[in-house]
Amino acid sequence: MTADPTGQRFHLRGPRSSAEITQVGAALRALTVDGVDLVPPYPDDVPTPAASGVVLVPWPNRIRDGRYTFDGDDLQLAISEPKFGNASHGLLRFGTYQPLDHSDERLVLGADVVPQTGYPFHLRTRVTYTLRPDGLHVEHHVENVGAKPAPVALGVHPYLQIGGVATEDLVVRSTGTTTLVLDERNIPIDEVPVAGANDLRGGRRLGDATLDNGYRGLERDAEGRAHHTLTAPDGRRLDLWQGEGFRWVQVFTTDRYPGQPLAVAIEPMTAPANAFVTGTDLDTLPAGDVLVREWGLRFS
């Protein structure tokens, strides 16, 4: 029997909803509400494609040249995106998480980021998936168990759909007021007000959009949550919300997701690409402290 490249799969089941989480990357592989699939599937025999659903820690997105300075030390990470010469999507994208607790509607997975080349810090991470009747609640804990402060950013990379509706016919809405301008290596070189094709505040049909944009200045509700929605022509809506501390969102479209002419990822992030270099919204986590962040999905 060939081993599953995404590791053990964990299932959550409720009266109206179900979810599947992979051991590798603690990735959200499937979510169904009232029989509607909300995450695009991919073949059983391939590794997680395009970072689908994975947790990105201790940084999301990219670090130019994998090189940064922290607390007076010059540090060099392994280059995990050779095409552009960047360190990409953190150190646990292909990490193997261990189950800490598992019931019908709740799963807790844990993994350490151990001291290593370019990141001489020790983090203990935990992600808790809780199934809701209309979707999913996700909470992240990142604890600095090392002896010195550590630079930390966190992101997640869920791809989303509304089953039975072509993704190009979905309308994406997001409230970001500024967006990043990228260079040829996908590294930010400027931040500008949204305008034209990258302004998602009024909604944009995905078939008419090409997006790889990081946004901030997100509008928040009374609970401090920012909301991003995908709406089908018949009015059904998938809402991804992100709590305080998730200051940014990346909206990304691609034609390289297996079996999908078009796929969209909506990615909550605490900091933008290259934050280890620029310091933009980068958290410094003191020894012994814990960073807690949450996000979720609701379908209606």
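Residues numbered from 1 in each chain as written. Predicted model: local features only at pLDDT ≥ 70, side-chain atom pairs only at ≥ 80, totals over all residues. Heavy atoms only, no water.

Quick notes on the pattern of salt bridges
With the rule as written, the count across this model stands at 21 salt bridges. Of the charged contacts in the structure, one is a salt bridge between Arg 9 and Asp 4, with a shortest N-O distance of 2.8 Å. Arg 9 gets classed as partly exposed once you look at its relative accessible area, which sits at 23%. The salt bridge partner of Arg 106 is Asp 101, with a shortest N-O separation of 2.6 Å. Using a relative accessible area of 33% as the deciding quantity, one classes Arg 106 as partly exposed. Overlapping salt bridges, with partners in common, bring together Asp 4, Arg 9, Glu 20, Arg 29 and Asp 44 in one network. (Salt bridge = Lys/Arg side-chain N within 4 Å of Asp/Glu carboxyl O. Buried < 20%, exposed > 50% of the residue type's maximum accessible area, 1.4 Å probe, protein only.)

Quick word on the pairing of strand E24 (residues 248-254)
Within E24, seven of the seven residues are buried, leaving the element largely enclosed by the surrounding structure. Covered by surrounding structure in E24 are Trp 248, Gln 250, Phe 252 and Thr 254 together with Val 249, Val 251 and Thr 253, the residues of both alternating faces. Inspection of the sheet shows strand E21 (residues 212-216) paired to E24 by four bridges, in the antiparallel sense. Across the sheet, the residue bridging to Asn 213 is Val 251, located in E24. (Helix = DSSP H or I, 4+ residues; strand = E, 2+ residues; numbered from the N terminus. Pairing = 2+ DSSP bridges.)

As for the sheet that holds strand E22 (residues 226-231)
Note: strands within a sheet are paired through backbone hydrogen bonds, in either parallel or antiparallel orientation. Pairing is antiparallel in the open sheet, where nine strands are placed in the order E10-E11-E12-E13-E27-E23-E22-E17-E20. Edge positions in the sheet fall to strand E10 (98-102) and strand E20 (204-205), since each of these pairs with one other strand and no more. Bridge count between strand E17 (residues 171-174) and E20: two bridges; the pairing is antiparallel. Bridge pairing in E20 links Val 171 to Arg 205.

Points about the nonpolar core
Of all hydrophobic cores here, the largest spans 72 residues; its most connected members are Leu 31, Tyr 97, Tyr 119, Tyr 129 and Leu 136. In contact with Tyr 97, not counting residues within four places along its chain, are Gln 23, Gly 25, Ala 26, Val 55, Val 57, Leu 92, Leu 109, Gly 110, Ala 111, Thr 125 and Val 127. In terms of nonpolar packing, the next biggest core, distinct from the first, is built from six residues, Tyr 159, Phe 252, Tyr 257 and Ala 265 among them. (Core = buried A, V, L, I, M, F, W, Y, C linked by side-chain atoms within 4.5 Å. Contact = heavy atoms within 4.5 Å.)

Looking at the side chain of Asn 86
Structurally, Asn 86 can be placed in strand E9 (residues 86-88). Residue Asn 86 is classed as buried on the basis of its relative accessible area, which comes to 0%. Beyond its immediate stretch of four places on either side in the chain, Asn 86 contacts Arg 62, Ile 63, Arg 64, Asp 65, Ile 79, Ser 80, Glu 81, Arg 185 and Ile 187.

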